[in-house]
Amino acid sequence: MALAGDPDQIHQSRGLRKTTRERQDRNSNYKYNEDLVMYIGQVMKDVLKLPRPCSPPVVKLEMRVDAEYGLPSTHAMAATAISFTLLLSAPSRIQFQFEMGLLMAVTLSTMVCLSRLYTGMHSVLDVICGVLLAALLLFLTHPYWEAFDRFQLTSRVSPILALTLPLFLSYTYPELEHYSTTRGDTTTILGVGAGCSVGYWVNKQLGETFEPEGVLPVPLPTLTRSALVYGTARFLVGVGALVGTRQIVKAVSLHLLFWWHKVPKYDRSARMRKEIEVPSKYATYTAVGLVHSIMVNRVFLLLGL
């Protein structure tokens, strides 16, 4: 194990490096699994139309999504998919004790599942179905992760599919008799995935993917004071860039869409209309995904983070 002041270890913990074409950016698996399970889960909610737990007797602590249907719990699906995708993907990149990683994945996904019961948003059946659906999707897709990575990073049609297929799925999302946040949330998720996909493809074509220093899998860096400072700095810079992108693109896209559809710009209910909600959210969060995958790592390198 490296000492806390070891320059090599500090350099490794500080961030990423540009690499050549022989090394492949492997950041996409968790994002696509999240997109897949969330889209399937959201669509199943609005097709099955099974209600959330009744209140009373349940005390609901979260009211924003009360108009959504309940089964399956997409929070449970996302938590399970993200935790176990990282667990299954990480050994090819980082050396760690698998049993400890398994414990963390189970703990994190369980905490999210229990939180949905505590807030009164889901029944036990909703949560169990969400976990089982996510596990099934991971089991079915895991053998094809490598092939999907190669296609996504090297195919000429990859960026076209990445932009058009999610947009098509957003516009063809099942219609409901009342407004629900599920369509907007789904469009947000698909937009981020589209932007990240195109960004990873662009990095690969430029021959500038961002990998940990050393021969993969690299040792897990020691958590030092220097690593904590650099990590905090990267977090703040990254959040600032993404929040700024979101605010700018959202304002511009809404302004243009309100002008195009001749809608008063202060009519907040107009944002619920599909012809405004879908393109606005898709443009906004595709831009967020692009900035995240293309620009933020380059800013880190520029700032020495």
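The following refers to the structure shown. (Residues numbered from 1 in each chain as written. Predicted model: local features only at pLDDT ≥ 70, side-chain atom pairs only at ≥ 80, totals over all residues. Heavy atoms only, no water.)

**Notes on the overall build of the protein**
Thinking step 1. For the protein, the count of helices and strands is 10 helices and four strands.
Thinking step 2. Starting at the N terminus, the α and β elements of the protein follow one another as α-β-α-α-β-α-α-α-α-α-β-β-α-α.
Thinking step 3. When contacts within the protein are restricted to residue pairs at least 6 apart in sequence, long-range pairs at least 24 apart make up 82% of them.
Thinking step 4. Element-wise, carbon and sulfur atoms account for 71% of the exposed surface of the protein, whose accessible area totals about 16,500 Å². (Helix = DSSP H or I, 4+ residues; strand = E, 2+ residues; numbered from the N terminus. Contact = heavy atoms within 4.5 Å. Areas by Shrake-Rupley, 256 points an atom, 1.4 Å probe, with all protein chains shown as cover.)

**Brief notes about the side chain of T119**
Thinking step 1. Relative to the elements of secondary structure, T119 occurs in the loop between α4 (98-118) and α5 (124-141).
Thinking step 2. Overall, T119 belongs to the buried group, its relative accessible area being 15%. (Buried < 20%, exposed > 50% of the residue type's maximum accessible area, 1.4 Å probe, protein only.)

**So, unusual backbone geometry**
Thinking step 1. Look at the link from L71 to P72: it is a cis peptide, with omega at 0°.
Thinking step 2. Residue position: P72 is located in the loop between α2 (29-48) and α3 (74-89).
Thinking step 3. Phi is positive for K49, close to 55°, though the residue is something other than glycine.
Thinking step 4. Within the secondary structure, K49 is located in the loop between α2 and α3.
Thinking step 5. Positive phi, close to 55°, is recorded for K262, a residue that is not glycine.

**Section: a nonpolar patch on the surface**
Thinking step 1. On the surface, M100, L103, M104, L108 and M111 cluster together to form a nonpolar patch covering roughly 520 Å² of accessible area.
Thinking step 2. Following the sequence through the fold, L108 ends up in helix α4.
Thinking step 3. Taking the relative accessible area as the measure of exposure, L108 reaches 47% and is therefore partly exposed. (Patch = residues over 30% accessible without salt bridge, like charges linked within 9 Å, V, L, I, M, F, W, Y side chains within 5 Å. Salt bridge = Lys/Arg side-chain N within 4 Å of Asp/Glu carboxyl O.)

**Looking at the nonpolar core**
Thinking step 1. Judged by nonpolar contacts, V37, M38, M77, A78, A81, A134, L137 and I189 together constitute the single largest core of eight residues.
Thinking step 2. The element best represented in this core is α3, accounting for three residues.
Thinking step 3. When sequence neighbours within four positions are dropped, the list of residues in contact with A81 reads N33, V37, A134 and L138. (Core = buried A, V, L, I, M, F, W, Y, C linked by side-chain atoms within 4.5 Å.)

**What about the packing of helix α7 (residues 158-171) against helix α10 (residues 274-303)?**
Thinking step 1. Taken N-terminus to C-terminus, the directions of α7 and α10 make an angle of 150°; their axes are 10 Å apart at the nearest point. Judged by the inter-axis angle, α7 sits roughly antiparallel to α10. Along this stretch, α7 crosses α10, giving a crossing that reads as right-handed. The segment α7 lies against α10, with A162, L163, P166, L167, S170 and Y171 engaging K274, V278, P279, Y282 and T286.
Thinking step 2. Each residue belonging to the contact of α7 with α10 can be placed in one class, and the counts come to eight nonpolar, two polar and one charged. (Axes fitted to C-alpha atoms, helices over the stretch in contact; angles between N-to-C directions. Parallel < 35°, antiparallel > 145°, perpendicular 65-115°, else oblique. Left-handed = near helix turned anticlockwise from the far one by under 90°. Nonpolar A, V, L, I, M, F, W, Y, C, P; charged D, E, K, R; others polar.)

**A short note on the pattern of salt bridges**
Thinking step 1. Tallied over the entire structure, the rule returns five salt bridges.
Thinking step 2. Notably, a salt bridge pairs R183 with E175, separated by 4.0 Å at the nearest N-O pair.
Thinking step 3. The salt bridge partner of E277 is R183, with a shortest N-O separation of 2.8 Å. Of this pair, E277 sits in helix α10 while R183 sits in helix α8 (residues 182-206), and the two are 94 residues apart along the sequence. Here E277 matches R183 in class, with each residue buried.
Thinking step 4. What emerges from the salt-bridge pattern is a single network uniting E175, R183, K274 and E277.

**So, the packing of α4 against α5**
Thinking step 1. Across the interface, α4 lies against α5 with an axial gap of 9 Å and an inter-helix angle of 155°. By the angle between their directions, the pair α4 and α5 is classed as roughly antiparallel. Once α4 is placed against α5, the crossing between them reads as right-handed. Counted together, C113, R116 and L117 of α4 and V124, V127 and V131 of α5 form the full contact between these two elements.
Thinking step 2. A per-class count over the contact of α4 with α5 returns five nonpolar, no polar and one charged.

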